[in-house]
Amino acid sequence: MKKLAFSLGIGLLACSAPALAQKTKIKVKTDGPTLETGAQKTPENSEESETKSATPKAIPVAEYYEGGQEAMYDFIKKETRYPIMARRNRIQGVCIVSFTLNTDGTMSGIKLVKNIGGGCGEEALRVVRLLKFNKPDYAVLTSIPITFKLPAPGQAAPTE
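Residues numbered from 1 in each chain as written. Predicted model: local features only at pLDDT ≥ 70, side-chain atom pairs only at ≥ 80, totals over all residues. Heavy atoms only, no water.

1. Details of the overall build of the protein
- From N to C terminus, the protein includes 5 helices and 5 strands.
- Reading the protein from its N terminus to its C terminus gives the helix and strand order α-β-β-α-α-α-β-β-α-β.
- Restricting the contact set of the protein to residue pairs at least 6 apart, pairs at least 24 apart contribute 68%.
- When the accessible surface of the protein is split by element, carbon and sulfur atoms take 57% of a total near 11800 Å². (Helix = DSSP H or I, 4+ residues; strand = E, 2+ residues; numbered from the N terminus. Contact = heavy atoms within 4.5 Å. Areas by Shrake-Rupley, 256 points an atom, 1.4 Å probe, with all protein chains shown as cover.)

2. As for the pattern of salt bridges
- Tallied over the entire structure, the rule returns 1 salt bridge.
- The shortest N-O distance in the salt bridge between Arg126 and Glu123 comes to 2.7 Å. One end of the pair, Arg126, and the other, Glu123, are both in helix H5 (residues 120-130), 3 residues apart, so they sit about a helical turn from each other.
- Arg126 sits in the partly exposed class, given a relative accessible area of 26%.
- Judged by relative accessible area, which is 3%, Glu123 ranks as buried. (Salt bridge = Lys/Arg side-chain N within 4 Å of Asp/Glu carboxyl O. Buried < 20%, exposed > 50% of the residue type's maximum accessible area, 1.4 Å probe, protein only.)

3. Some remarks on H5
- When we look at burial in H5, the residues that qualify are Cys120, Gly121, Glu123, Ala124, Leu125, Val127 and Val128.
- Against helix H3 (68-79), helix H4 (84-88), strand E3 (93-101), strand E4 (107-114) and strand E5 (140-148) lie the buried residues of H5.

4. Focus on H3
- Compared with an ideal rise of 1.5 Å per residue, which puts 12 residues at 16 Å, H3 spans 17 Å between its outermost C-alpha atoms and is within 8% of the ideal.
- Taken residue by residue, H3 has Gly68, Gln69, Met72, Tyr73, Phe75 and Ile76 as its buried positions. Buried residues of H3, viewed axially, fall in a sector of 160°; they line one side. Along H3, exposed side chains directed more than 90 degrees from the buried face belong to Glu70, Lys77 and Lys78.
- Packing partners of the buried residues in H3 comprise H5 and E5. (Expected span 1.5 Å × (residues − 1). Arc of directions from axis to C-beta.)

5. Some thoughts on the confidence of the model for the protein
- Averaged over every residue, the pLDDT of the protein is 77; residues scoring 70 or more account for 61%.
- Below a pLDDT of 50 lies the segment residues 22-28, which in the model reaches 10 contacts outside its immediate sequence neighbourhood of four places, other chains included. (pLDDT = per-residue confidence, 0-100.)

Here's what the structure looks like:
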């Protein structure tokens, strides 16, 4: 009987241990700005969050592009020309192009999933068709975001 009670006690303790180990964030109400215990904002943390948001998300097919994701985005940035109509109308945003990367390295089913207008969708399709990928082991259905952002005043933007 004692062995049974002991084993049940150990079992309950083992089940509740993960719940006890979790840390909870406690907000402290003060007259000044709110701070959360356990994670104080420091200059190092704020710089890291800025750089993380500036880097694009990992795209599965980028590993099949020669040079990786950085090279792929550099190529896209170099080849993209801001459409005149979009520049005139100050259109900015992200166009998303979806396609299937076949086992022989070709792309099929290229289509525009999100278009922001002003000719940006057509330009995004044109640039994605220029990409050359290595042969994957299996077909990959993916999408690539193409960002159109107007330059700061005084800087020239490449146009069609």
